[in-house]
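# Remarks on the overall topology
The chain contents come next:
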Amino acid sequence: MEFFLQMLVTGIVVGSIYGLVALGFVLIYRSSDVLNLANGEFVVIGAYVCLSIMTASNMPFIPALGVTLIISVLLGFIVERLVVRPLQNAPVISIIMATIGLSSLMAGLVHMVWGHNTRTFPQVFSNVPVEFAGVIIMPVYIWSFIIVMVLLIAFSVFFKFSKMGVAMRAVADDKKAAMSMGISVKVVLAVTWAIAAVVASIGGTMLGMLNGVSPGMATIGLTVLPVVILGGLDSIGGAIIGGFLIGIIQNLVGGYMDPMVGGGLKEVVPFIIVLLILLIKPYGLFGKGGAERV
């Protein structure tokens, strides 16, 4: 029972990070019908930038994360302006292919700047484990979960009540109607890409604090893709719930079934789950029936 609870807690923490990263996928898809296949590289770059700031300047974690988020916003604006906006009237597949090319370019830059080895964050939280109901939990897991949940709630409030959040929802529903109401679609798209870069950087930083930072972290882009599809490509709430579901199931499978089959099933199970769900609900658990699939 204790082992099950240990796997469950780890799955919840990792699932919350999946949900946060998936949020960037959903925002971009809702606003432009595009799957950002470079999202994994946004995750890696955010983690490396935060780590580099902390180690190079001995800056505490919170200020270093703040600087990282500023850099992430700039990165999102640059990508939207140089890569996405010139293809605004091009077929959707052209923009998707552009994100694939961007992914390769950013992956190459990561290897050039930071190399190939796994790096670890300086100690930020206490190393003294916390025991709860027989489950040993490291403080970094607790704080990572708290930080991610606070951010998910903050973003949910932002999308629902802020002026920019309402504008983003309007553009997602109908671009022409939003333009007729005086909303600048270009500004909204730029802000959307900036927010996507921010949530990816935060997710990468949290994941890096749990497992270390390496270029291989970019595979979270593929892992989160089933999360987004499971929840529904256009559903923010679905992405968050899908993140928790995939994180928990993936961790339980890794703990119980991987030793039986020699490993590897943990990485495949998200895609198996999505395939089974889509056979029953083609638009995901919370997706709208009219959403376009690409």
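Here is a short report on the structure shown in this document. Keep in mind that what you see is a predicted model, and the values were worked out from it rather than measured.

## Some details on the packing of helix H1 (residues 2-32) against helix H8 (residues 185-211)
- In contact at an axis separation of 9 Å, H1 and H8 are set at 165° when each is read in the N-to-C sense. Relative to H8, the element H1 is oriented roughly antiparallel. Judged by the twist between their axes, the crossing of H1 over H8 is left-handed. Where H1 approaches H8, its residues Val13, Ile17, Leu20, Val21, Leu23, Gly24, Leu27, Ile28, Ser31 and Ser32 are matched on the opposing element by Leu189, Thr192, Trp193, Ile195, Ala196, Val199, Ile202, Gly203, Met206, Leu207 and Leu210.
- Tallied by class, residues from the contact of H1 with H8 come to 16 nonpolar, five polar and no charged.

## Things to note about the nonpolar core
- By size, the foremost hydrophobic cluster in this structure holds 84 residues, and its most contacted members are Phe42, Phe155, Phe159, Ile195 and Val224.
- Among the elements that line this core, the one with the most residues is H8, at 16 residues.
- Leave out the neighbours within four places in its chain, and Ile195 touches Leu27, Phe155, Phe158, Phe159 and Met168.

## Points about the packing of aromatic side chains
- With the rule as written, the count across this model stands at six aromatic pairs.
- Ring centres of Phe158 and Phe159 lie 5.4 Å apart, and the angle between their planes is 65°; this geometry places the pair in the edge-to-face category.
- A relative accessible area of 25% means that Phe158 is categorised as partly exposed.
- What links up through ring pairs into an aromatic cluster is the set Phe61, Phe125 and Trp143.

## Comments concerning the environment of Phe286
- With respect to the helices and strands, the residue Phe286 is situated in the segment after helix H12 (265-280).
- For the pair Phe286 and Asp173, spaced 113 residues apart in sequence, the C-alpha separation works out to 16 Å.

## Quick word on unusual backbone geometry
- For Asn58, which is not a glycine, the phi torsion comes out positive at approximately 55°.
- Structurally, the position occupied by Asn58 is in the loop between helix H2 (39-57) and helix H3 (61-84).
- For Asn58, a relative accessible area of 69% puts it in the exposed group.

## Some points on helix H5 (residues 139-161)
- The end-to-end C-alpha separation of H5 is 33 Å, in line with the 33 Å expected for 23 residues at 1.5 Å each.
- Of the residues making up H5, those classed as buried are Pro139, Val140, Ser144, Val148, Leu152, Phe155 and Phe159.
- Of the surrounding elements, those touching the buried residues of H5 are H1, strand E2 (135-137), helix H6 (163-173), H8 and helix H10 (236-256).

## Focus: the packing of H2 against H3
- Direction vectors running N to C along H2 and H3 enclose 140°, while the axes themselves pass 9 Å from each other. On the basis of the axis angle, H2 is oblique to H3. Taken as a pair, H2 and H3 cross one another with a handedness that is right-handed. In this structure, H2 uses Phe42, Ile45, Gly46, Val49, Cys50, Ile53 and Met54 to contact H3, whose residues at the interface are Phe61, Ala64, Leu65, Val67, Thr68, Ile71, Leu75 and Val79.

## Section: the pattern of salt bridges
- Applying the stated criterion across every chain, the model contains one salt bridge.
- The shortest N-O distance in the salt bridge between Glu80 and Arg85 comes to 3.1 Å.
- We classify Arg85 as partly exposed; its relative accessible area is 23%.

## Let's talk about H6
- Every buried residue belonging to H6 is among Gly165, Ala167, Met168 and Val171, and all of these are buried. Angular distribution of buried residues about the axis of H6 spans 160°; they occupy a single face of the element. Facing away from the buried side of H6 by more than 90 degrees, the exposed set consists of Lys163 and Asp173.

## Quick notes on a nonpolar patch on the surface
- The grouping of Met1, Phe3, Phe4, Tyr256, Met257, Met260 and Val261 at the surface amounts to a nonpolar patch, some 770 Å² of accessible area in total.
- Elements represented by at least two residues in the nonpolar patch include exactly H1 and helix H11 (258-261).
- Mapped onto the fold, Met257 is located in the loop between H10 and H11.

## Here's the deal with the side chain of Ser201
- With respect to the helices and strands, the residue Ser201 is situated in helix H8.
- Ser201 gets classed as buried once you look at its relative accessible area, which sits at 3%.
- Polar contacts involving the side chain of Ser201 include one to the side chain of Ser72, which spans 2.5 Å.
- Other than its neighbours up to four places away in sequence, Ser201 contacts Phe42, Gly46, Ala47, Thr68 and Ser72.

About the cut-offs
- Residues numbered from 1 in each chain as written.
- Predicted model: local features only at pLDDT ≥ 70, side-chain atom pairs only at ≥ 80, totals over all residues.
- Heavy atoms only, no water.
- Axes fitted to C-alpha atoms, helices over the stretch in contact; angles between N-to-C directions.
- Helix = DSSP H or I, 4+ residues; strand = E, 2+ residues; numbered from the N terminus.
- Parallel < 35°, antiparallel > 145°, perpendicular 65-115°, else oblique.
- Left-handed = near helix turned anticlockwise from the far one by under 90°.
- Contact = heavy atoms within 4.5 Å.
- Nonpolar A, V, L, I, M, F, W, Y, C, P; charged D, E, K, R; others polar.
- Core = buried A, V, L, I, M, F, W, Y, C linked by side-chain atoms within 4.5 Å.
- Buried < 20%, exposed > 50% of the residue type's maximum accessible area, 1.4 Å probe, protein only.
- Phe/Tyr/Trp six-rings, centres within 6.5 Å; stacked < 30°, edge-to-face > 60°.
- Expected span 1.5 Å × (residues − 1).
- Salt bridge = Lys/Arg side-chain N within 4 Å of Asp/Glu carboxyl O.
- Arc of directions from axis to C-beta.
- Patch = residues over 30% accessible without salt bridge, like charges linked within 9 Å, V, L, I, M, F, W, Y side chains within 5 Å.
- Areas by Shrake-Rupley, 256 points an atom, 1.4 Å probe, with all protein chains shown as cover.
- Polar contact = N/O pair within 3.5 Å; in protein donor to acceptor, adjacent residues only side chain to side chain.

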